[in-house]
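# A structural walkthrough
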Amino acid sequence: MVTQKKTQSKNQTADQTTKRANGFAFWVAFGLVGTVAATLAWTVRPDWMRSNNGKGDSSNELAEASNDPGNYLALNTFAPTIENKTTPTEDRPEGMVFIPGGEFSMGCESKNESLCSTPGVTYDAGPIHRVYVDPFWMDATEVTNRQFQKFVEETGYITIAEIKPTSLEFPGAAEENLVAGGIVFSPTQSAVSLDDYLKWWAYVPGANWKQPLGPQSSIEGKEDEPVVQIAFDDAIAYCKWAGKRLPTEAEWEFAARGGIAGDLYTWGNQLSSDGMYQANIYQGAFPVMEGDTAADGFAGIAPVKQYKPNRYGLYDMSGNVWEWTIDWYRPDYYRTLKSENKVAKNPQGPSSSFDPAEPGVSKRVHRGGSFLCSDLYCNRYLLGTRGKGDGKSGSNHVGFRCVRDVKK
Ligand SMILES: [Ca+2]
């Protein structure tokens, strides 16, 4: 059995090395720190985004649509979610909850152009458009260290962050730069302007899912925290082993909204009530050392299930860690769907990626925000907002959860 595992791991390693070649080259070119783009803003805003971003007079639009309640296609605001009435005939898979699917309004209509000191940060989340998704099962929580450990023990899987880059992948790179590792949030000693994320992110040799902050860290005692330092292909491998898959971006948002149209957050429309928070995000000075006051109960990652679930029984759909989806990222994808003037049925994302901020890097969509999201910087715990990241890289604030089709 041991031999089998070693052989499997070796083959898997060769495969991963080939896959990541292009994406990782970008890291080396930029001193191995370039692709933190998960929460990071882009400052290039095409002209088409300088329009009204799908915003209009919500009350008037909805009143007009009420004359034809079945047709919300033209609306540039939220309309009621129409959940499917079907119920599954199979038993509920362990750890998963049923998401009925149906038709809903997707996106974010935040009227704040400059969230987080970053112009255009939510412009990729508009316009609001109408989407239908089939029923599915979804993990109630983000995949935990305990769950990922079991996967690794059974398969011998080695994550991308654990594999040393080679000179074949990066011709000309100095040998000392070819070290396995991951991207880690590195708080600053004092306040800094929030226009350069490289000030608080660092490539740390030796950082991987077992030691998310580097060799001096570990996951001992953190078995119920979400696994991080997971690249897209690592998440895919886990899902496959578990008999599941990653959600599409549309499935993810339908699930997060819990059947309720247009709320700002998974729990309602108030960020906090009487100082009580409903998600693990960031309070205080960002990104300063010990700047996080942990008013929500946690500085850094929290174990899963520390806050109330949403209406579908899903935990931590806002905050804690970003979650991979299967979709490629393009900032104009919603605009494309809207222009088709029909309900987008089970959209799978664009056929390829494009991010104006980093045109050479292929990115997948992240959703949900993380423990580093604050109202000072990148408050994308707002429902409907989007993140993105290089599929070949992980960091210590990106994890994932899986979904499964309903058996017919
Ligand atoms: Ca927190």
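Provided above is the structure to which this section pertains.
Conventions and cut-offs
- Residues numbered from 1 in each chain as written.
- Predicted model: local features only at pLDDT ≥ 70, side-chain atom pairs only at ≥ 80, totals over all residues.
- Core = buried A, V, L, I, M, F, W, Y, C linked by C-beta atoms within 7 Å.
- Buried ≥ 20, exposed ≤ 12 C-beta atoms within 10 Å, placed from the backbone.
- Contact = placed C-beta atoms within 7 Å.
- Pairing = 2+ DSSP bridges.
- Helix = DSSP H or I, 4+ residues; strand = E, 2+ residues; numbered from the N terminus.
- Arc of directions from axis to C-beta.

## Topic: the nonpolar core
M138, I230, A235, L246 and A255 are the most contacted members of the largest nonpolar core, which has 78 residues in total. If we ignore the near neighbours within four places in the chain, the residues touching L246 are A235, I236, C239, W324, T325, I326, F400 and C402.

## Examining the sheet that holds strand β10 (residues 322–328)
Two strands in a sheet stick together by hydrogen bonds in their backbones, pointing the same way (parallel) or opposite ways (antiparallel). On the basis of which strands lie adjacent, the open sheet formed by four strands has the order β13-β12-β10-β14 and mixed pairing. Two strands bound the open sheet, and with one partner strand each, they are β13 (387–390) and β14 (398–399). Two elements, β10 and β14, share two bridges in a ladder whose sense is parallel. Across the sheet, E323 pairs through a bridge with G399, a residue of β14.

## Remarks on the sheet that holds strand β1 (residues 82–83)
With mixed pairing, the four strands of this open sheet are ordered in space as β1-β3-β4-β11. Only two strands of the sheet have a single neighbouring strand rather than two, namely β1 and β11 (344–345). Summarising the sheet, strand β4 (residues 129–133) and β11 pair through two bridges and their orientation is parallel. Its bridge partner lying in β11, Y132 is registered against K345.

## Details of the environment of G387
Relative to the helices and strands, G387 is located in strand β13. Overall, the presence of 28 C-beta atoms within 10 Å leaves G387 in the buried class. Expressed as a C-alpha distance, the spacing of G387 and W324, which sit 63 residues apart in the sequence, is 9.3 Å.

## Some details on helix α3 (residues 145–155)
Every buried residue of α3 is accounted for by N145, Q147 and F148. Along the long axis of α3, the arc covered by the buried residues comes to 165 degrees, so they all point the same way. The exposed residues of α3 that point more than 90 degrees off its buried face are E153 and E154. Those residues of α3 that are buried lie in contact with α4 (232–241). Looking at the residues trailing α3, positive phi occurs at G156, about 75 degrees.

## Some remarks on helix α5 (residues 249–257)
Spacing of three or four residues puts side chains on the same side of an α-helix, whose turn is 3.6 residues. Counting buried positions over the nine residues of α5 gives nine, a clear majority of the element. Residues E249, A250, E251, W252, E253, F254, A255, A256 and R257 constitute the buried set of α5.

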